[in-house]
Structure formats: structure tokens, C-alpha cells
Amino acid sequence: MKKKYNIALVPKSCGEEVVKISQQLSGIADKYQLGDKSLPHVTLCQFEAEEKEIDTMWENVCNTLQEHSLELEFKDFSCITFNNVFWVSIMPDKRSLLDKMHQTVANTVKANVNKYYDPHMTIISTKDNKYQEKAAKITKLYSTISDTFILSVGECDPIGQLTKLLHKCEVKNGMTHRM
């Protein structure tokens, strides 16, 4: 039976800080909210696979990608709408590099590539149509988050929340190693 997986970049140390931002918006959050069951991440590629295929796919991705960690800075918020669901995210720099990583990973795992890849870190989803106004109270107080983001693979739920890490590269003395 196939499951949904996500190859993503996860923060080395700012995860709790991002979860706190999400929790400040819990009053309007719907199904997607960072916390115990949703890990902060920047998706490179979501795909479906058999569980027995993941270790080989992970090894192939690690061997194909040159970057296993990346310094990212998140300065701006994004508020967008898809199918009457509103999304609040923070937007990273190095978007062209993230796009190249997305293409490489998608080709490696043979996933259907979305023509429009939009690198971001989702904070919440909501059905509250006044979400921008309510989120503005939080976004006005926001200061830029910067961190090292580590290449990882994990399980995700139907709406794209990264729910469980399976493999993650480890950074030691500035060098990234597979785990």
C-alpha cells in the first residue's frame, strides 16, 4: 500500500520559534497547524511510494543532490487562497536554488512535477475569510527567522503536513552527513 511522503528541508534550531508563531494563530487555524503532529518544513517534493521503497529513494536523493543543508532566511509572510482555504506562510530567500532542488528531487523520485513550485513554510490553514486582518497582528511583530535547514524525508498527511521524520541528514562541524 502506498503512503504519502515528503522530501523537505527542516530547521536545525528555529522549529520551536516557528511553532510559536503558528500557535499564536490557533484561534483561526483549521486543519493545518504546526505543532506535535505537524513539523515545520519547506517541501521539496511530495510523492506516494511503498514503504519498502523509501530507503532506496532517500539514498538516491542524497547521492543526486549536492546540497544536504541550506541556510535560509524568512523575511516575509504570504497569505494566499486555494479552493476556499486560506494559507498563512513565511517565504524563504534562495528561491531559485530551492526550485532547482525541487526539480532534482522530483526527477529522482519520479514524482509528477508541479509546474508552479512555490517554496514556503506553511504556518496555518484557515477558513476564516478575515484571516489576513487577524494574522496582521502577528505579522507586524514578526522579525526575520534564519536557520540551517536540513535535507530530510518523512511521512505526510493528505494536506501536506510533515507528520513523522524517517531520515535526516546530520550537520557536524559544518559538514552534512546522512543518517
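Shown above is the structure to which this text applies.
Conventions used here
Residues numbered from 1 in each chain as written. Predicted model: local features only at pLDDT ≥ 70, side-chain atom pairs only at ≥ 80, totals over all residues. Heavy atoms only, no water. Helix = DSSP H or I, 4+ residues; strand = E, 2+ residues; numbered from the N terminus. Rg over C-alpha atoms; globule rule 2.2 N^0.38 Å. Buried < 20%, exposed > 50% of the residue type's maximum accessible area, 1.4 Å probe, protein only. Contact = heavy atoms within 4.5 Å. 1 Å grid on protein atoms, 1.4 Å probe; cavity = no way out; pocket = protein on both sides within 12 Å on 5 of 7 lines; lining within 4 Å. Points joined across faces, edges and corners; volume = space filled by probe spheres on them. Nonpolar A, V, L, I, M, F, W, Y, C, P; charged D, E, K, R; others polar. Expected span 1.5 Å × (residues − 1). Disulfide = S-S within 2.5 Å. Arc of directions from axis to C-beta. Axes fitted to C-alpha atoms, helices over the stretch in contact; angles between N-to-C directions. Parallel < 35°, antiparallel > 145°, perpendicular 65-115°, else oblique. Left-handed = near helix turned anticlockwise from the far one by under 90°.

## Quick look at the overall build of the protein chain
So, point 1. Scanning the protein chain from N- to C-terminus turns up 4 helices and 9 strands.
So, point 2. Traced from its N-terminal end to its C-terminal end, the protein chain shows the element sequence β-α-β-α-β-β-α-β-α-β-β-β-β.
So, point 3. What you see for the protein chain is a C-alpha radius of gyration of 16 Å, in line with the 16 Å of a compact globule of 179 residues.
So, point 4. The principal-axis extent of the C-alpha atoms belonging to the protein chain is close to 45 × 40 × 30 Å.
So, point 5. Sorting the 179 residues of the protein chain into buried and exposed places 49% on the buried side.
So, point 6. Residue pairs at least 24 apart in sequence account for 75% of intrachain contacts in the protein chain once pairs closer than 6 positions are excluded.

## Some words on the layout of surface pockets
So, point 1. Counted as a void, the second largest pocket has a volume near 160 Å³.
So, point 2. For the second largest pocket, the full set of lining residues is E17, K20, I21, Q24, I138, L141, Y142 and S143.
So, point 3. Looking at the lining of the second largest pocket element by element, the count peaks at 4 residues for helix α1 (residues 15-24).
So, point 4. Considering only residue class, the lining of the second largest pocket consists of 4 nonpolar, 2 polar and 2 charged.

## A word on helix α3 (residues 95-108)
Along an α-helix, a turn takes 3.6 residues, which lines up residues three or four apart on a common side.
So, point 1. With 14 residues, α3 should reach 20 Å at 1.5 Å per residue; the first-to-last C-alpha distance of 20 Å fits that figure.
So, point 2. Residues of α3 that are buried in the fold lie against β1 (2-11), β2 (42-50), α2 (54-64), β3 (69-82) and β4 (85-92).
So, point 3. Phi turns positive, to about 55°, at K110, one or two residues after α3.

## Regarding unusual backbone geometry
So, point 1. Unusually for a residue other than glycine, K94 sits at a positive phi of about 55°.
So, point 2. Mapped onto the elements of the fold, K94 is located in the loop between β4 and α3.
So, point 3. Owing to a relative accessible area of 37%, K94 belongs among the partly exposed residues under this scheme.
So, point 4. The phi angle at K110 is positive, at roughly 55°, despite the residue not being glycine.
So, point 5. In this fold, K110 is placed in the loop between α3 and β5 (121-126).

## Here's the deal with the state of the cysteines
So, point 1. In total, this model carries 0 disulfides according to the counting rule given.
So, point 2. Note on C14: no disulfide assigned, nearest cysteine sulfur contributed by C169 at a separation of 17 Å.

## Some thoughts on α2
So, point 1. Turning to α2, its buried residues are I54, M57, W58, V61 and C62. Burial along α2 is one-sided: seen end-on, the buried residues are contained in an arc of 135°.
So, point 2. Against β1, β2, α3, β6 (145-156) and β7 (162-168) lie the buried residues of α2.

## Some points on the packing of α2 against α3
So, point 1. Axis separation between α2 and α3 bottoms out at 9 Å; the angle between their running directions is 140°. Judged on the interaxial angle alone, α3 and α2 are oblique. The handedness of the crossing between α2 and α3 comes out as right-handed. Mapping the contact onto sequence places N60, V61 and T64 in α2 and T104, V105 and T108 in α3.
So, point 2. Counted by class, the contact of α2 with α3 contains 2 nonpolar, 4 polar and no charged residues.

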